[in-house]
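Chain by chain, the residues run as shown.
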Amino acid sequence: MTLSLFDQFLSPVVCWIPLVAIAIILPWILFPSPTTRWLNNRSLTSQNWFLSQATSQIFSPINPPGHKWALLLSSLLIFLATMNTAGLLPYTFTPTSQLSINMGLAGALWMGVVILGMRTQPTHSLGHLLPEGAPALLTPILVIIETISLFIRPIALGVRLTANLTAGHLLIQLTSTATLAMLTIMPVTAIFTGILLFLLALLEAAVALIQAYVFVLLLSLYLQENV
Amino acid sequence: MLSRLQAISVKVTDPFVSLSLVQASRSLQTSSQRLAPVPPLPDHGGKVRHGLIPEELFEFLYPKTGVTGPYMLGTGLIVYLLSKELYVINHETIYAICIGTIIVYGVKKYGATVAAFIDSINEEKVAKAQAAKDSHISFLTEAIENEKKEQWRVEGRGMLFDAKRNNVAMLLETNYRERQHMVTNEVKRRLDYQIALQHLNRRLQQEHMINWVEKNVISSITPQQEKESIAKCIADLKVLAKTTQAKAAA
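Residues numbered from 1 in each chain as written. Chains lettered and ligands numbered in written order. Predicted model: local features only at pLDDT ≥ 70, side-chain atom pairs only at ≥ 80, totals over all residues. Heavy atoms only, no water.

1. Quick look at the interface of chain A and chain B
Taken residue by residue, the interface counts 27 residues in chain A and 28 residues in chain B. With both sides pooled, the region where chain A packs onto chain B buries about 2,700 Å², and carbon together with sulfur makes up 70% of that total. The tally of links between chain A and chain B comes to 1 salt bridge. Here A:Arg42 ties to B:Asp119 by a salt bridge, and the two come within 2.8 Å at their closest N and O atoms. Inspection of the chain A/chain B interface yields 9 residue pairs in polar contact (both at pLDDT 80 or more). Where the side of chain A that touches chain B is concerned, the elements lending two or more residues are helix H2 (42-59), helix H6 (139-185) and helix H7 (187-226) of chain A. (Contact = heavy atoms within 4.5 Å. Buried area = accessible area lost by both parts, 1.4 Å probe. Salt bridge = Lys/Arg side-chain N within 4 Å of Asp/Glu carboxyl O. Polar contact = N/O pair within 3.5 Å; in protein donor to acceptor, adjacent residues only side chain to side chain. Helix = DSSP H or I, 4+ residues; strand = E, 2+ residues; numbered from the N terminus.)

2. With respect to the packing of helix H3 (residues 55-65) of chain B against helix H4 (residues 69-83) of chain B
A packed helix pair is summarised by two numbers, namely the angle formed by the two axes and the spacing between the axes. Residue and element names in this part refer to chain B. Contact pair H3 / H4: the axes reach a minimum separation of 8 Å and the direction vectors enclose 100°. The pairing of H3 with H4 is recorded here as roughly perpendicular in orientation. On H4, the residues that touch Phe58, Leu61 and Thr65 of H3 are Gly69, Pro70, Tyr71 and Leu73. In terms of residue class, the contact of H3 with H4 is built from 5 nonpolar, 2 polar and no charged. (Axes fitted to C-alpha atoms, helices over the stretch in contact; angles between N-to-C directions. Parallel < 35°, antiparallel > 145°, perpendicular 65-115°, else oblique. Nonpolar A, V, L, I, M, F, W, Y, C, P; charged D, E, K, R; others polar.)

3. Side note on unusual backbone geometry
Residue B:Ala36 is joined to B:Pro37 through a cis peptide bond whose omega torsion reads -5°. Mapped onto the elements of the fold, B:Pro37 is located in the loop between helix H2 (15-25) and strand E1 (48-49). In this model, A:Cys15 sits at a positive phi of 50°, which is unusual for a non-glycine residue. With respect to the secondary-structure elements, A:Cys15 resides in the loop between strand E1 (13-14) and strand E2 (17-18). For B:His50, which is not glycine, the phi torsion reads 60° and is therefore positive. On the secondary structure map, B:His50 appears in the loop between E1 and strand E2 (53-54). For B:His50, a relative accessible area of 56% corresponds to the exposed category. (Buried < 20%, exposed > 50% of the residue type's maximum accessible area, 1.4 Å probe, protein only.)

4. Points about the UniProt feature "transmembrane region" (unreviewed entry) in chain A
Residue and element names in this part refer to chain A. Using the residue numbers shown here, the UniProt feature "transmembrane region" (unreviewed entry) corresponds to residues 9-31, 69-89, 101-118, 138-159, 180-199 and 205-223. Along residues 138-159, the helical share is 95% and the strand share 0%, with 30 Å between the first and last C-alpha atoms. Its end C-alpha atoms 17 Å apart, residues 180-199 is made of 95% helix and 0% strand. (UniProt positions renumbered as here; feature names shortened; annotations may be inferred.)

5. Thoughts on the domain arrangement of chain B
In terms of domain boundaries, chain B breaks down into domain 1 (47-88) and domain 2 (93-219). Summarising the inter-unit geometry, the C-alpha centres of domain 1 of chain B and domain 2 of chain B are found 85 Å apart. (Domains from an automatic or database assignment.)

6. Some words on a nonpolar patch on the surface
Residues B:Leu73, B:Leu77, B:Ile78, B:Tyr80, B:Leu81, B:Leu82, B:Leu86 and B:Ile89 make up a contiguous nonpolar surface patch of about 740 Å² in total accessible area. Considering the arrangement of structural elements, one finds B:Tyr80 in helix H4. (Patch = residues over 30% accessible without salt bridge, like charges linked within 9 Å, V, L, I, M, F, W, Y side chains within 5 Å. Areas by Shrake-Rupley, 256 points an atom, 1.4 Å probe, with all protein chains shown as cover.)

7. With respect to the nonpolar core
The nonpolar side chains of soluble globular proteins are, as a tendency, buried together. Grouped together as the largest cluster of nonpolar side chains are 31 residues, with contacts concentrated most on A:Phe59, A:Leu73, A:Leu76, A:Phe215, A:Leu219 and A:Leu223. Going through the elements one at a time, H2, helix H3 (70-86), helix H4 (99-120), H6 and H7 of chain A are the ones with two or more residues in this core. If you tally residues by element for this core, the top one is H3(A), at 8 residues. Ignoring sequence-local partners within four residues, the contact set of A:Leu219 consists of A:Leu73, A:Leu76, A:Leu109, A:Trp110 and A:Leu157. By size, the runner-up hydrophobic cluster in this structure holds 10 residues, among which are A:Leu88, A:Ile172, A:Ala201 and B:Cys98. (Core = buried A, V, L, I, M, F, W, Y, C linked by side-chain atoms within 4.5 Å.)

8. Re the side chain of A:Thr179
Tracing the backbone shows A:Thr179 in helix H6. Beyond its immediate chain neighbours, meaning those up to four positions away, A:Thr179 contacts A:Ala190, A:Thr193, A:Gly194 and B:Ile94.

9. Some points on the packing of aromatic side chains
All names here are of chain A. Following the criterion strictly, the structure yields 4 aromatic pairs over all chains and no others. Centroid distance Trp110 to Phe151: 5.9 Å. Interplanar angle 65°. Geometry classified as edge-to-face. Residue Trp110 is found in helix H4, and its partner Phe151 is found in helix H6; the two are separated by 41 residues along the sequence. Judged by its relative accessible area of 8%, Trp110 is buried. (Phe/Tyr/Trp six-rings, centres within 6.5 Å; stacked < 30°, edge-to-face > 60°.)

10. Brief notes about the confidence of the model for chain B
Residue and element names in this part refer to chain B. The predicted model of chain B has a mean per-residue pLDDT of 90, with 95% of residues at 70 or higher. Mean pLDDT across the elements of chain B ranges from a minimum in helix H1 (residues 2-11), with 62, to a maximum in H4, with 95. Under the prediction, the complex receives an ipTM of 0.87, its pTM being 0.71. (pLDDT = per-residue confidence, 0-100.)

11. Notes on the pattern of salt bridges
Applying the stated criterion across every chain, the model contains 9 salt bridges over all chains. Across the pair A:Glu225 and A:Arg153 runs a salt bridge, and its minimum N-O distance is 3.2 Å. Placement of A:Glu225 in helix H7 and of A:Arg153 in helix H6 is noted, with a sequence separation of 72 residues between them. Given a relative accessible area of 24%, A:Glu225 falls into the partly exposed group. Judged by relative accessible area, A:Arg153 falls into the buried class, the value being 16%. The partner of B:Glu55 in a salt bridge is B:Arg49, with the nearest N and O atoms 2.8 Å apart. Assessed through its relative accessible area of 26%, B:Arg49 is described here as partly exposed. Salt bridges here are not isolated pairs; linked through shared partners, they connect B:Glu186, B:Arg189 and B:Arg190.

Written as structure tokens, this is what we have:
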């Protein structure tokens, strides 16, 4: 079957049965749940180690009331990292390259954090609209700017992830198309494009993990402000 | 669970059939029937060839097709898919080769290191528990040694008491002998005093007697007698002198 450049971004459907649910549930089956054993096998040990390291690092600067979010944010991290890296394999569909999923996650979580802040400590949350150490003259402008930046946050979170992944996947598609097209005509150029493809694939692997971490880190920062 | 469903559905008609159905489906129940003791984990995972294909496929095909069987199967499948264009070579193929190379290289280069690191996490856990157990065992062994030493010391206590008893007996003996000595000395002193007294008495008596006798004798010597005795003495002396002169001349 011939693929166009944007086939990978179509929600996968087989005989009109949407597979996007399976694509989203995939990370769940890849990670075994902890057992009652004292010593586990390598995959479970590494999973536990990684989760404990990541959670302790993300949650160490947050006040104790914010530690209730540990389960949500750590599972979000695993979810995004797995979906991003699984999308690096050929012929896969990356759910996080869709704006719908990312905006759903970002908008809901951001709003949760802001409402939590406004309900439990409204003065402190509103105080973030004026950065410390600013000259008194600039106060009105700064408040407007900070409000705009506050409301831009969910859009920025969602679009950042979508754009990074979509752009990366698209670049890979373009480069590999170029390599294939030139393989018969200009093999030497194809080799150079192939090297570029290698580097791009490495970059995409890094970006996949970094973007997931950045998403969760920014949410933890917003939580730190508000909790 | 399905066996239970079967059992319930057939229970109404024939209990014998339902029981036999349960027994027949027992062979399908492969997980362990007891929760404890927990079955041990195998040391190594299932063997795979080329990192992807389980060894069981090769063993399954070996009796009929020998060693090259699975490889021929794989090659044939790939060639079939390509030639019939069931799999079309497109840009994703190039990307697949690329990412496949990266993944294989990554696993080959860093696989052992990561596995060793994960094993070290488990080993640290075991080592901590082992260290706690070892320290406890050594502490208890030391306690046993100390207890045995104390018991040996207690045995020696008897000897100590005997020695002390001997000491005390010797002191008492010495003290008794000293007192006895003192008593003897005192008695002797008193007796000596009495003897000295008696000696003194005797001597005084003697001296007194001698003095009385002398006094009497001297008072009884008349002057006539005194002259006669002196003349006799002079005559005796002359005679003596003559005899000695004669002896000397001879």
